[in-house]
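# Fold and geometry: a report
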Amino acid sequence: MSQPVLSAGARQPTEPVPSDAAPGRGSPQPGAARRSARRAAEISLYVGPALILYVLFVLLPIGLAVYYSLYKWNGLGPLTEFIGFDNYRRALDDEVFRGAITHNGIIVVLSIAIQGLVGIGLALLLNQRMRGRAALRAVYFAPYILSEVVTAVTWLLMLQPDGLVDTLLRAVGLGDLIELWLADTSVVLYTMFVVITWKYIGFAIILFLAGLQAIPQELIEAAAIDGAGRIQTIRRITLPLLGPTIRIWAFLSIIGSLQLFDLIWIMTLGGPANASNTMATYMIDRGFQRYEFGYGSAVAVILFVISFVVALAYQRFVLRRDTEGALTRNVR
Amino acid sequence: MTRQMVDYASGPAIGYRTRARLSRALAYTAGLMIAALVLVPILYVALGGFRTTGQLAADPAGLPDPWVTSNYTEIATSSAFWGQVGTSTLIAVLTTAIVVALGALAAFPLARFEFRGRETLYLLFTLGLLFPISVAILPIYLMLRDLYLLDTALGVALPQAAFGIPVTIVILRPFMRAIPGELEDAAAIDGCSKFGFFLRILLPLSRPALMTVSILAFVGSWNGFLLPLLVLSDPSSWTLPLGVANYSTQYSEDTARILAFTGLSMLPALAFFLLAERRIVGGLSGAVKG
């Protein structure tokens, strides 16, 4: 079913002949202006509804967040107390917020490194003819379908002191590793990373498997005929060809890690002592719990700018290679 | 059947058959271990709901003994649970209907018309992929308040649909683009209007892509937390995720009850997933490849 998507852009859309098209196009004829107005109206009839909804609930609120961020405001009274960039200064000076940014950064790095490696390794292993592969794939994907809330509540109960996790660790002789998973400030972020990995690793595996299956078998056979070993084939053929998939997955993973909210909010509320705060949990806490709408908006804008800059940089320096059609890494 | 896949690459020391068998054994071991790690939490919830909190505290890893069904039956007969299932369904259906209808309409000219500013418009939509709803949530909340949409299904569905528009268009546009122009010409010759072509030819042919975007929108809405949390303050209008989150705080002493509630609330998502697995996986990989 992905075939048509794959061949996207392979052909340019043809311009259907409008029934009322006049000959001699290009010359400014009396009907031309009216026709182009009609055409604009037609296009806006199609695009308009989506555009209105999108502008109203996506673009406008982001603009409004920028506007609110310049005020000290509790979200209720009139918007009068203009304070310029004070909210931004306050946020960037706040150790708690800087800690939250660091936490997001740690999750980004860990996700790419560990989920990426595990995901690619498993996909390579599973990309051979074996019975039950489809079932395994379905199992891996199940946590991705469960809501963040269900995931959070499940793990919250499993991680209770002397709960399932502790019991299982003791059963396999790893009782010494037991920590106060969610109550120890030096552990909680890594506990959260394990939960995040449980929920999202299946997504990575499925993507990588799909990417592997799109690699022409002939290339791998040709490499074998040329005497390449298995490791060499993976290094020189498989991984480079999987590159675009890996880079897109990494992009989604980075953006997701920067915007992390639901799991943390339900499991720890950013605690204990802010040790698992993310930018988003900090923002909701200040904005909605403490009614600092202006300050919360400034935090939202900072979160937005960071995501946006990261995304643009990634697009510019990493994904660009894919659009240029370069398949091999380290080419220059 | 005779075609070996990666196994040509075996060295001379051991035959590729042995090697293939070894690597398959390794794959099974690793695959099953990961599967166990994935399944243990789900089984813990499902089985835990059949135990009592006392049993759970005494032996967290044990099996139900005896099996207790009262947790499940109490929840399955409570109107609060079914009310939440109903609300979640209503909101997810609304969201999906809005996002697919508007997204398909918008993707049509973006895919098949030639006009100035088309790529700019497309870029504007795709930018939305980068905007997390949390950034916009404070102003959205205030707007919904002013529009009297707080505590309504529409108040959740409209912003959810708006945030789903980008991915819908990104998936639909290349799909609609790839449908041959000859079909469009033929339809025009037969006297079909553009809208007729869209409705009678393009939409039916785009069904696989439409299915994918529907599933993404439905699952996204069904799992939504932050927006419903802020918009739906009245417990009688809560969605299932809100119900689960609240239940776990309300009965924090009674682990077994929470497990039963969580277990039941997993069922619709898992059932839906089993029905639509191929579509979800195929759609995601298709979207990434495109």
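In every chain, residue numbers begin from 1 and rise along the written sequence. Whichever chain is written first is A, and whichever ligand is written first is 1; the rest continue in order. The predicted origin of the model limits local features to residues at a pLDDT of at least 70 and limits the giving and counting of side-chain atom pairs to 80 or more, whereas totals for whole chains, interfaces and linings rest on all residues. Excluded from the side-chain calculation are hydrogens and water; included are all heavy atoms of the structure.

For chain B, the name recorded in an unreviewed UniProt entry is Raffinose/stachyose/melibiose transport system permease protein, with Plantactinospora soyae as its organism. UniProt positions are given in the numbering used here, feature names are shortened, and annotations may be inferred rather than shown by experiment. Taken from UniProt, the Sequence similarities (unreviewed entry) comment for chain B reads in full: "Belongs to the binding-protein-dependent transport system permease family."

Labelled according to an unreviewed UniProt entry, chain A appears under the name Raffinose/stachyose/melibiose transport system permease protein, originating from Plantactinospora soyae. If you open the UniProt record of chain A and go to Sequence similarities (unreviewed entry), you find "Belongs to the binding-protein-dependent transport system permease family." UniProt lists a comment for chain A under the heading Subcellular location (unreviewed entry), and it reads "Cell membrane".

### Brief notes about the overall build of chain B
A run of DSSP states H or I qualifies as a helix once it reaches four residues; a run of E qualifies as a strand once it reaches two. Both are numbered from the N-terminal end. When helices and strands are tallied, chain B shows 13 helices and zero strands. Reading chain B from its N end, one meets helices and strands in the order α-α-α-α-α-α-α-α-α-α-α-α-α. Computed over C-alpha atoms, the radius of gyration of chain B comes to 25 Å, more than 25% over the 19 Å expected from 2.2 N^0.38 for 290 residues, which places it beyond the range of a compact globule. Expressed as lengths along the three principal axes of its C-alpha atoms, the size of chain B is roughly 75 × 75 × 35 Å. Partly exposed describes any residue whose relative accessible area lies between the buried limit of under 20% and the exposed limit of over 50%, with all areas from a 1.4 Å probe on protein chains only and scaled to the type maximum. A total of 290 residues make up chain B; the buried ones form 54% of that total. Roughly 12800 Å² of accessible area belongs to chain B as shown, and the carbon and sulfur atoms make up 67% of that amount. The sign given to each residue is positive for Lys and Arg and negative for Asp and Glu; His and the chain ends receive no count. Charge placement uses NZ in Lys and CZ in Arg. For Asp and Glu, CG and CD serve respectively. Here chain B holds 19 positive side-chain charges and 16 negative ones, and the gap between their average locations is 13 Å. Note on method: radius of gyration uses C-alpha positions; expected globular size equals 2.2 Å times residues raised to 0.38. The method behind every accessible area is Shrake-Rupley, applied with a 1.4 Å probe, and residues are considered shielded solely by the protein chains displayed.

### Notes on the UniProt feature "domain: ABC transmembrane type-1" (unreviewed entry) in chain B
Under the present numbering, the feature "domain: ABC transmembrane type-1" (unreviewed entry) in UniProt falls on residues 85-276 of chain B. Note that residues 85-276 of chain B is 80% helix and 0% strand, and that its end C-alpha atoms are spaced 19 Å apart.

### Considerations on a nonpolar patch on the surface
A cluster of nonpolar residues, Ile-52, Val-55, Leu-56 and Leu-60 of chain A, forms a patch on the protein surface that exposes about 320 Å² of accessible area. Here Leu-60 of chain A lies in helix α2 (residues 30-68). Exposure above 30% relative accessible area and the absence of a salt bridge qualify a residue for a patch, where like charges join within 9 Å and nonpolar side chains (Val, Leu, Ile, Met, Phe, Trp, Tyr) within 5 Å. A side-chain nitrogen of Lys or Arg and a carboxyl oxygen of Asp or Glu constitute a salt bridge if their distance falls within 4 Å.

### Considering the interface of chain A and chain B
Each partner contributes residues to the interface: chain A has 102 residues there, and chain B has 112 residues. Both faces considered, chain A and chain B share a buried interface measuring about 9900 Å² in area, 76% of it formed by carbon and sulfur atoms. Per-residue buried area on chain A facing chain B is highest for Tyr-46, Phe-57 and Arg-129 of chain A; these three make up 9% of the total on that side. A salt bridge links Lys-194 of chain B to Glu-42 of chain A, with the shortest nitrogen-to-oxygen separation between them at 4.0 Å. Here a polar contact is recorded for every N or O atom pair within 3.5 Å, except that within protein the pair must consist of a potential hydrogen donor and a potential acceptor, and residues adjacent in sequence are included only if both atoms are side-chain atoms. The tally of links from chain A across to chain B stands at 10 residue pairs in polar contact (both at pLDDT 80 or more). Top element by residues in the side of chain A that touches chain B is α2 of chain A. It accounts for 20 residues. Only Asp, Glu, Lys and Arg are considered charged, only Ala, Val, Leu, Ile, Met, Phe, Trp, Tyr, Cys and Pro nonpolar, and every remaining residue, Gly among them, polar. Taken together, the residues that form the side of chain A that touches chain B break down as 74 nonpolar, 18 polar and 10 charged. A contact between two residues is defined here by any heavy atoms of the two lying within 4.5 Å. Put simply, buried area is the surface a 1.4 Å probe can reach on two separate parts but cannot reach once they are joined, added for both.

### Thoughts on the packing of aromatic side chains
The pairing test for Phe, Tyr and Trp rings, Trp by its six-membered ring, is centres within 6.5 Å, and the orientation test on the planes gives stacked under 30 degrees, edge-to-face over 60, and tilted for anything in between. This model, assessed by the stated rule, comprises 37 aromatic pairs over all chains. Plain terms: the ring middles of Tyr-67 of chain A and Tyr-68 of chain A are 6.1 Å apart, the flat faces sit at 45 degrees to each other, and that makes the pair tilted. Residue classification places Tyr-67 of chain A among the partly exposed residues on the basis of a relative accessible area of 41%. With 5.2 Å between their ring centres and 70 degrees between their planes, Phe-108 of chain B and Phe-113 of chain B make a pair best called edge-to-face. Of the residues examined, Phe-108 of chain B reaches a relative accessible area of 0% and is grouped as buried.

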